[in-house]
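Here are the chains, one letter per residue:
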Amino acid sequence: MSTITASTEQQVVDAVEKRLYIGGEWRAATGGRTLAVEDPSTGETICEVADATPEDAKAALDAAVAVQAEWAAHPPRERGEILRRAFETIQERADELAVLMTLEMGKPVAESKAEISYASEFFRWFAEEAVRIEGRYAVAPNGQGRLLVMKQPVGPSLMITPWNFPMAMGTRKIGPAVAAGCTMVMKPAQQTPLSMLALAQILEEAGLPGGVLNVITSSSSGSVMGPLIADPRARKLSFTGSTEVGRKLIEQSAQNILRVSMELGGNAPFLVFDDADLDDAVDGAMIAKMRNIGEACTAANRFHVAAPLAEAFAEKMADRMKQLRLGRGTDEGVQVGPLIDDNQRQKVQELVEDAIRKGAKPLVGGQPANGRGYFYEPTVLASVPRDAKLLREEIFGPVAPIVAFDSEDEAIAAANDTEYGLVAYLYTGDLKRALRVVEGLETGMVGLNQGIVSNPAAPFGGVKQSGYGREGGHEGIDEYLETKYVAVNL
Ligand code: NAP
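Only a predicted model underlies this, so the values are computations on that prediction, with no experimental measurement involved. (Residues numbered from 1 in each chain as written. Predicted model: local features only at pLDDT ≥ 70, side-chain atom pairs only at ≥ 80, totals over all residues. Heavy atoms only, no water.)

Draft legend 1. Region of interest: the overall build of the chain. When its secondary structure is counted, the chain shows 15 helices and 22 strands. Compactness check: the chain gives a C-alpha radius of gyration of 23 Å against a globular reference of 23 Å for 490 residues, within 12% of the reference. In terms of overall dimensions, the chain has C-alpha extents of about 70 × 65 × 40 Å along its principal axes. A buried classification covers 58% of the 490 residues belonging to the chain. For the chain, restricting intrachain contacts to residue pairs at least 6 apart in sequence, the fraction spanning at least 24 positions comes to 73%. (Helix = DSSP H or I, 4+ residues; strand = E, 2+ residues; numbered from the N terminus. Rg over C-alpha atoms; globule rule 2.2 N^0.38 Å. Buried < 20%, exposed > 50% of the residue type's maximum accessible area, 1.4 Å probe, protein only. Contact = heavy atoms within 4.5 Å.)

Draft legend 2. Here's a closer look at the environment of V453. Within the secondary structure layout, V453 lies in the loop between strand 19 (445-448) and strand 20 (463-464). Judged by relative accessible area, V453 falls into the buried class, the value being 17%. Taking the C-alpha atoms as reference points, V453 and S195, separated by 258 residues in sequence, lie 23 Å from one another. Those residues in contact with V453 that sit more than four places away from it in its chain are T298, V423, Y425, M445, V446 and G447.

Draft legend 3. Inspection of the site of the ligand at higher detail. What surrounds the ligand is a group of 29 residues, the closest being T161, R172, S242, L264 and E394. In this structure, R172 approaches the ligand through a side-chain N or O atom, which is 2.6 Å from an oxygen atom. Here an oxygen atom of the ligand sits 3.3 Å away from a polar atom, N or O, in the main chain of G241. Of all the secondary-structure elements, those providing two or more residues to the shell around the ligand are helix 6 (168-180), helix 8 (221-230), strand 10 (236-240) and helix 9 (243-256). Residues of the shell around the ligand, tallied by class, amount to 15 nonpolar, 10 polar and four charged. Taken domain by domain, the makeup of the shell around the ligand includes at least three residues from each of domain 1 (6-264 + 466-487) and domain 2 (268-455). (Near = heavy atom within 4 Å. Polar contact = N/O pair within 3.5 Å; in protein donor to acceptor, adjacent residues only side chain to side chain. Nonpolar A, V, L, I, M, F, W, Y, C, P; charged D, E, K, R; others polar. Domains from an automatic or database assignment.)

Draft legend 4. Main features of helix 6. Over its 13 residues, helix 6 runs 18 Å from end to end, which matches the ideal 18 Å to within 8%, given 1.5 Å per residue. In the stretch just after helix 6, G181 is the one whose phi turns positive, near 95°. (Expected span 1.5 Å × (residues − 1).)

Draft legend 5. Up close: helix 14 (residues 431-440). Among the residues of helix 14, R433, A434 and V437 are the ones counted as buried. Seen end-on, helix 14 carries its buried residues on one side only, within an arc spanning 100°. Along helix 14, exposed side chains directed more than 90 degrees from the buried face belong to L431, K432 and E439. Of the surrounding secondary structure, the elements contacted by the buried residues of helix 14 are strand 12 (268-272), helix 13 (408-416), strand 18 (423-427) and strand 19. For helix 14, the N-terminal capping position is held by D430, with its side-chain oxygen 2.9 Å away from the main-chain nitrogen of K432. (Arc of directions from axis to C-beta.)

Draft legend 6. Representation of the sheet that holds strand 6 (residues 146-153) in the model. If you trace the three strands from one edge of the open sheet to the other, you get 5-6-22, paired in antiparallel fashion. Strands with a single pairing partner mark the edges of an open sheet, and in this sheet they are strand 5 (136-139) and strand 22 (481-488). Within the sheet, the average angular offset between the axes of one strand and its neighbour, ignoring direction, is 20°. Note that strand 5 and strand 6 share four bridges and pair antiparallel. Bridge pairing in strand 6 links V139 to R146. (Pairing = 2+ DSSP bridges. Axes fitted to C-alpha atoms, helices over the stretch in contact; angles between N-to-C directions.)

Draft legend 7. Layout of the packing of helix 1 (residues 6-14) against helix 4 (residues 94-105). Between helix 1 and helix 4, whose axes approach to 9 Å, the crossing angle comes to 95°. Between helix 1 and helix 4, the angle falls in the class roughly perpendicular. Mapping the contact onto sequence places E9, V12 and V13 in helix 1 and E96, V99, L100 and L103 in helix 4. Here the residues of the contact of helix 1 with helix 4 are counted per class, giving five nonpolar, no polar and two charged. (Parallel < 35°, antiparallel > 145°, perpendicular 65-115°, else oblique.)

Draft legend 8. Layout of the pattern of salt bridges. For the structure on display, the rule yields 30 salt bridges. In this structure, R233 and D231 form a salt bridge, with 3.0 Å as the shortest nitrogen-oxygen distance. Accessibility expressed as a relative area gives 14% for D231, which makes it buried. Each member of the salt-bridge network shares a partner with another, and the members are D274, D275, E408, R433 and R436. (Salt bridge = Lys/Arg side-chain N within 4 Å of Asp/Glu carboxyl O.)

This is the structure we're talking about:
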């Protein structure tokens, strides 16, 4: 990839709508307020987008409610075709969309392109699922009467997404909702609204009827979404974000008994057993750690390595980390972008300092990078003590803490010693051990001899405080379907 010019950057920003998308119309926020979108590699403002008020949010739900019945009756094949067309447009425009995403989120353009491809695949997958919503017809056990079971759309759904994957976290909610026949109010993260606005434009072009998807960008997420969560016309809340905010939203949703899907935080362990291929494990570890600059809920947060391999693993990781090129994501050859903001960078720094104070040995990195933007040096910490905070808290940065273990039982216990349960990674050459360990891990997903699990055809989600519900796979559409049973008298 060659360096993207300033005029290309300006063109992609200019091409995006900056207003709210409500009832099929683009409109300014009530009162004309706007919020600034910042480039995390420079700290400069890229542009301003509409800053929705609670009134705008209510208008968005009104629009979603108004077309729900009509949308539910729309032929499933046509709902699928809309997703399919949007999938194709995203693929065609991947280059521009990637630049846009990099500008607002920071990751290198190549990684933005990978996210865009992943994001679009949810539309292709759910285009195919739209026509496979099935029920059943059965003879009652006593032979008298019949049981008819049918699936119907849940209804108007509220969606809230985080900044770390600005498009994919949207498509994996919008895709199944469109396929199932639900209307939506979507609120993207205030730091990365542009990718979602571009996505809404693409869906509009693909023929999504007005009111089915409504997008509100806002700097006051609590005050715009709170009243919608309490509104009895809303039927579902699908949230991706931190466990802390998710917990609050579950409480709020309880008042209205909303169907809830929660994709929350993680603290993924990466286990390397002494029978693993060390180079393969290091390759997988680099992906699991460095994808998205470490700002992924699936990021390997801690590396538990069999004692005989721990030193060699740490050295190889340090060698690989040293070679990574840090810089603005639109510059040629850059592999690591900035963190999202200064708060995030300070949090990473505090966690690293705590570990070093308690005895961890930095092999590479260990501090923020100099200059503009929120860059942090890729870091490897060896011999990390068990009481270091970064073994318990989500780091969300390019920091790899390494801890040695002596036995399989110790490795499993260490892996499970967390309130989170999203994903774990496991490297071993022994199939029996692999299955034993997989069964012992308290997570919703496991990467077995691979450092990435995300796949639109698979059910993504966690257990424990990583949330509940699944996105993707056959399970993904169930989150947007209700089951109705009809007792038939024959
Ligand atoms: P966050 O602070 O929880 O924010 C997520 C979203 O919730 C944003 O749109 C935010 O809006 C909104 N929000 C915050 N407070 C709210 C409130 N009181 N009412 C309604 N909405 C509210 O999380 P984040 O920092 O953006 O994202 C990082 C977190 O997401 C990490 O913990 C990561 O593990 C998790 N994550 C999980 C998954 C998964 O699938 N399990 C995937 C990706 C990320 P504002 O932007 O206005 O604050």
